[in-house]
Amino acid sequence: MPEHLLEMQKIEKRFSGVHALKQVDFWLDRGEVRGLIGENGAGKSTLMKILGGDYHADKGEIFLDGKSVKIKDATAAAEFGISFIHQELSLFADLDIATNIFIQRLPQSGPVVLRKRMHEKTKELLETVGLSHYMPEQSVGSLQIGEQQLVEIARCLTMDTKILVLDEPTSSLTSKEVKILFELINRMRNNGVSVIFISHRLDELFEICDNITVMRDGEMIDTVCAAEVTQKELIYMMIGRELNEMYAGNRHAGREERLRVEHLTHKKRFRDISFSVCSGEIVGLYGLLGSGRSEIARSIYGLENFISGEVFIDGEKADIKSAAKAIRLGIGFVSEDRRREGLCLEHSVLDNLSVVCLGKLRKLLGYIDKRKENEMCRKNISDFHIAAERPRKAVKYLSGGNQQKVVIAKWLNINPKILIMDEPTRGVDIGAKKEIYGILSSLTALGIAVIVISSELNEVMSLCDRVLVLRKGMLVDEIKAEEMNKERLLSASMGGGEK
Ligand code: ADP
Ligand code: MG
């Protein structure tokens, strides 16, 4: 007979080809704050989405207050008192703060929405979550991501929440916002609410959680009392015993310095970052979401400003204030947001391939040499095995992997010295992933210096000659291929030293 507030028993879930949850048992007590950890892909979000009614388990049973329940959708979950703060935000950017908070239960008198009452309540809530400087009528889209997350929490406070699930909420929060969040969690705990907190930040987990549950490869590993476990033990549980695996880096790393940054400092996101990348070398920037890795890359490419520090290309100081300047200096950049920044989805494969090298294709009087453009595009398509029978068709019809190959090929057309790739294989299938790794390796044979940003451990370990580990905007470790292991990467990126 289940005696906990929540029990999930023998939960099974498969997605085509992926066994995401294997006979998972999970329990939760009243007023407990539970940490849930595991590497990317371990199954944390899937388990929680089953609890939230977004996914249905293939097998298994869920008990709430000892009663077997079926959670058929998100509305049903809300009725059971299960509230979510998702990894992806779920607010309506165009609507104002008050409407977002009360959207499911607008205070009404008959058909009339009681705006004044709603706004008064919203003001109180904004105060509670530390956003008293905003007005209820302001649109949510004008808030920072972290602030939007606090609005989501305000929304949860209006609901009759028994279980609150937070899926990696702190990656976009500032430390001040994290403090507010933790105060709110503590307050909820005191009111008997149970909280499930998914995070990669061990120091935060130790600060807020009573117990910590570890998942690995779709399996439940263990649940331990936070006060009785060390960071090291948790990492062992996350990665299993296969420590110190060796990975062969690539063989093309040269000694000629291509890129060097010195004391690069951003207003908010990172400080005092210095490193260099040589010709033919692949250097990884590894860190949790929000550790500053993307912002560093974007600063080098001129998309973000840094307040101090210097960038050198081939030993010469470079003053890069715009992406156009970066391209002229031979820097290519593959954004993590391929669909928004890397490609013009409505435009043809051909246009996308030639867009950054039109200068090279211009004839007298500025006309584009169509024949040359066609030739180049054909060559790209065959060199990279891009599955695009008709290059004039819009690029949006290609698969994720083929779109990514278009982005990479496009950059090679400017003969870059340096190529920066932010999450190069996000959202592409295994086959395309392998191909992209092959392409990267062939780029290094051409002497191109490559920077890879990735949150996948296996990816940085198998690709990089060297990995720079970032935590909270600071460079905390530098690991060479021969010294690389999961344990060191994880402790450097997650931990605040020994507990
Ligand atoms: P975590 O949250 O621990 O990073 P997830 O629960 O998101 O892990 O994913 C577990 C596994 O299930 C991964 O291999 C992931 O690729 C797969 N997966 C999750 N959601 C889907 C989906 N909607 N379709 C196919 N595969 C999925
Ligand atoms: Mg997840």
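Residues numbered from 1 in each chain as written. Chains lettered and ligands numbered in written order. Predicted model: local features only at pLDDT ≥ 70, side-chain atom pairs only at ≥ 80, totals over all residues. Heavy atoms only, no water.

If you check the shell around ligand 1, you find Phe15, Val18, Ala20, Glu39, Asn40, Gly41, Ala42, Gly43, Lys44, Ser45, Thr46 and Tyr55 and nothing else. Within the backbone of Gly41, one N or O atom sits 2.7 Å away from an oxygen atom of ligand 1. A distance of 2.9 Å separates an oxygen atom of ligand 1 from a polar atom in the backbone of Gly43. Take the shell around ligand 1: its biggest share by element is 3 residues, from helix H1 (residues 44-51). Classifying every residue of the shell around ligand 1 by side-chain character gives 5 nonpolar, 5 polar and 2 charged. (Near = heavy atom within 4 Å. Polar contact = N/O pair within 3.5 Å; in protein donor to acceptor, adjacent residues only side chain to side chain. Helix = DSSP H or I, 4+ residues; strand = E, 2+ residues; numbered from the N terminus. Nonpolar A, V, L, I, M, F, W, Y, C, P; charged D, E, K, R; others polar.)

Our focus in this paragraph is the packing of aromatic side chains. Under the definition given, this model contains 4 aromatic pairs. Measuring from ring centre to ring centre gives 5.8 Å for Phe182 and Phe197, while their planes differ by 75 degrees; the resulting arrangement is edge-to-face. Residue Phe182 is found in helix H6 (residues 175-190), and its partner Phe197 is found in strand S10 (residues 194-198); the two are separated by 15 residues along the sequence. Across the pair, Phe197 and Phe182 agree in class, each one buried. Consider the rings of Tyr301 and Trp411, whose centres lie 6.1 Å apart with planes at 90 degrees: the pair is edge-to-face. You can see Tyr301 sitting in the loop between helix H9 (293-300) and strand S16 (308-313) and its partner Trp411 sitting in helix H15 (residues 400-412), a full 110 residues away along the chain. The pair formed by Tyr301 and Trp411 is uniform in burial state, with each residue classed as buried. A cation over an aromatic ring shows up here: Arg260 above the ring of Phe312, its NZ or CZ 4.4 Å from the ring centre. One residue, Lys393, lies across the ring of Tyr397, its end atom 5.2 Å from the ring centre. (Phe/Tyr/Trp six-rings, centres within 6.5 Å; stacked < 30°, edge-to-face > 60°. Buried < 20%, exposed > 50% of the residue type's maximum accessible area, 1.4 Å probe, protein only. Lys NZ or Arg CZ within 6 Å of the ring centre and 35° of its normal.)

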